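Chain by chain, the residues:
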Amino acid sequence: MKPLVFSTLVTLCISAQAFCGLGFTLDYTEEEINPGEITYRFFATPDSPEMQLIGIGGYSARLFQFTSETPLLQRDGLQNDSYLGWGEDETDFSENFPAFEGTSVETFDGFYFDANLQTPLIGQVQIAQATLSEGSGFSFSGIARYLTNGDKIDLTFDLSTIPGGSTLVAVFLLGTCSRRRS
C-alpha cells in the first residue's frame, strides 16, 4: 500500500509542477541549543528568482496546520523561541490567526504575510521556527502564496516527521497552484 501512495503523491507533485511551471521547496534545519530540546528552522525557497513570497497560511481550500507530539516551547524573547514569520516588524497576521503555541495550531482562513512589500521576500526565506522536546515529531502544512508577474500563486505544502500508518516518514512536499490576478 505504501508504494502505491508514494507513487500517487509523486505523480500529483509532478503534474502540479508541470501545470503551473512554478514551485518551491520547503525544508528545515535542526539544532540543539538547550539540552533535551531541538530547534527547527523552516525555509521556503522558490524555483524562480522572480517569485516573491507574500504569505503563508490556510485559505478556504487548504488548512494551515502545525501539529507536534509535545508543546511548542515559548520563552520571553530567547533565541530558540517558537515563532511564525520573518524579520522583526516585517510580518503581520490576519485577524483571528491562532497563537503559535501548544501542540496544534490550525486555521482555514488565516495567514501571516509580508507587512513590508517594498522590501520583497525573494530567494530563500525563513518562514518559521519551532522548538520542541527532543524526539518529538511534527507536521507542518498549508499554502505558500507567491507573487510573480502580477499574479498571486498558491502552492501547497505538507511536511511530516510523525510516523504513522499512512504518513510518509521522509519529508515530502506537494505543490499545486492556482493563479489569481491581484
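All values derive from a computational prediction rather than experimental measurement.

Definitions and limits used
Residues numbered from 1 in each chain as written. Predicted model: local features only at pLDDT ≥ 70, side-chain atom pairs only at ≥ 80, totals over all residues. Heavy atoms only, no water. Pairing = 2+ DSSP bridges. Helix = DSSP H or I, 4+ residues; strand = E, 2+ residues; numbered from the N terminus. Core = buried A, V, L, I, M, F, W, Y, C linked by side-chain atoms within 4.5 Å. Buried < 20%, exposed > 50% of the residue type's maximum accessible area, 1.4 Å probe, protein only. Contact = heavy atoms within 4.5 Å. Phe/Tyr/Trp six-rings, centres within 6.5 Å; stacked < 30°, edge-to-face > 60°. Lys NZ or Arg CZ within 6 Å of the ring centre and 35° of its normal. Salt bridge = Lys/Arg side-chain N within 4 Å of Asp/Glu carboxyl O. Polar contact = N/O pair within 3.5 Å; in protein donor to acceptor, adjacent residues only side chain to side chain. pLDDT = per-residue confidence, 0-100. Lys, Arg positive; Asp, Glu negative; His and termini not counted.

Peer 1: Teacher, can you tell me more about the sheet that holds strand β2 (residues 37-46) here?
Peer 2: Sheets are built from strands that pair by backbone hydrogen bonding, the pairs being arranged parallel or antiparallel. Spatially, the four strands line up as an open sheet ordered β1-β2-β10-β5, and their pairing is antiparallel. In this open sheet, the two strands that pair with only one neighbour each are β1 (24-31) and β5 (83-84). Direction of pairing for β2 relative to strand β10 (residues 125-133): antiparallel, over a ladder of eight bridges. Along β10, the bridge assignment pairs Thr39 with Thr131.

Peer 1: What's the story with the nonpolar core in this structure? I'm lost.
Peer 2: Side chains of nonpolar character tend, in soluble globular proteins, to be buried together. Among the nonpolar cores identified, the biggest contains 33 residues, and Phe42, Leu53, Ile56, Phe66, Tyr112, Ile127 and Phe140 are the most heavily contacted of them. Going through the elements one at a time, β1, β2, β3 (52-58), β4 (64-72), β10, β11 (138-148) and β12 (151-160) are the ones with two or more residues in this core. Per-element accounting of this core gives the leading share, five residues, to β10. Contact partners of Phe140, with chain neighbours within four places excluded, come to Leu26, Phe42, Phe64, Gln65, Phe66, Tyr112, Ile127, Ala128, Phe157, Asp158 and Leu159.

Peer 1: Hey, could you run me through the packing of aromatic side chains in this one?
Peer 2: Pairs of aromatic rings are described using the distance from one ring centre to the other and the angle between the two planes. Scanning the model with the defined rule gives 22 aromatic pairs in all. Ring centres 5.5 Å apart and planes at 55° place the aromatic pair Phe64 and Phe97 in the tilted group. Note that Phe64 is positioned in strand β4 and Phe97 in the loop between β6 (91-93) and β7 (102-107), a separation of 33 residues in sequence. Per residue, the accessibility class of Phe64 equals that of Phe97, and both read buried. Here the guanidinium or amino end of Arg145 rests over the ring plane of Tyr59, the centre of that ring lying 3.9 Å away.

Peer 1: It is not clear to me how unusual backbone geometry should be interpreted in this structure. Could you clarify?
Peer 2: Most peptide bonds take the trans configuration, and most residues that are not glycine carry a negative phi. Positive phi, close to 65°, is recorded for Asn96, a residue that is not glycine. By the element assignment, Asn96 lies in the loop between β6 and β7.

Peer 1: Teacher, can you tell me more about the pattern of salt bridges here?
Peer 2: When charged atoms on two side chains of opposite charge get close, those side chains can pair. Summed over the entire model, instances satisfying the criterion amount to four salt bridges. Two residues, Arg41 and Glu31, come together in a salt bridge whose shortest N-O distance is 2.9 Å. Remark: Glu31 occurs in strand β1 and Arg41 occurs in strand β2; sequence separation between them is 10 residues. Assessed through its relative accessible area of 14%, Arg41 is described here as buried. We note a salt bridge from Glu37 to Arg75, for which the minimum N-O separation is 2.4 Å. Of this pair, Glu37 sits in strand β2 while Arg75 sits in the loop between β4 and β5, and the two are 38 residues apart along the sequence.

Peer 1: Please explain the side chain of Thr107 as it appears in this structure.
Peer 2: Relative to the helices and strands, Thr107 is located in strand β7. There is a polar contact of 3.3 Å between the side chain of Thr107 and the backbone nitrogen of Gly110. If we ignore the near neighbours within four places in the chain, the residues touching Thr107 are Gly58, Arg62, Leu63, Phe64, Phe97 and Pro98.

Peer 1: Any chance you could explain the confidence of the model for the chain here in plain terms?
Peer 2: Predicted coordinates in regions of low pLDDT should not be interpreted in detail. A residue-level look at the chain finds 78% of positions with pLDDT of 70 or above and a mean pLDDT of 80. Looking over the chain, one finds the lowest element-wise mean pLDDT in helix α1 (residues 2-20), namely 39, and the highest in β4, namely 96. Within the model, pLDDT remains below 50 along residues 1-19, and this stretch shows 19 contacts once partners closer than five positions in the same chain are excluded.

Peer 1: Explain the side chain of Asp114 to me, please; I cannot follow it from the model alone.
Peer 2: Here Asp114 lies in strand β8 (residues 110-114). Buried and unpaired, Asp114 has no salt bridge, with Lys152 as the nearest side chain of opposite charge at 12 Å. A polar contact of 3.0 Å, which involves the side chain of Asp114, links it to the backbone nitrogen of Asn116. Beyond its immediate chain neighbours, meaning those up to four positions away, Asp114 contacts Gln52, Leu53, Ile54, Trp86, Glu90, Thr119 and Leu121.

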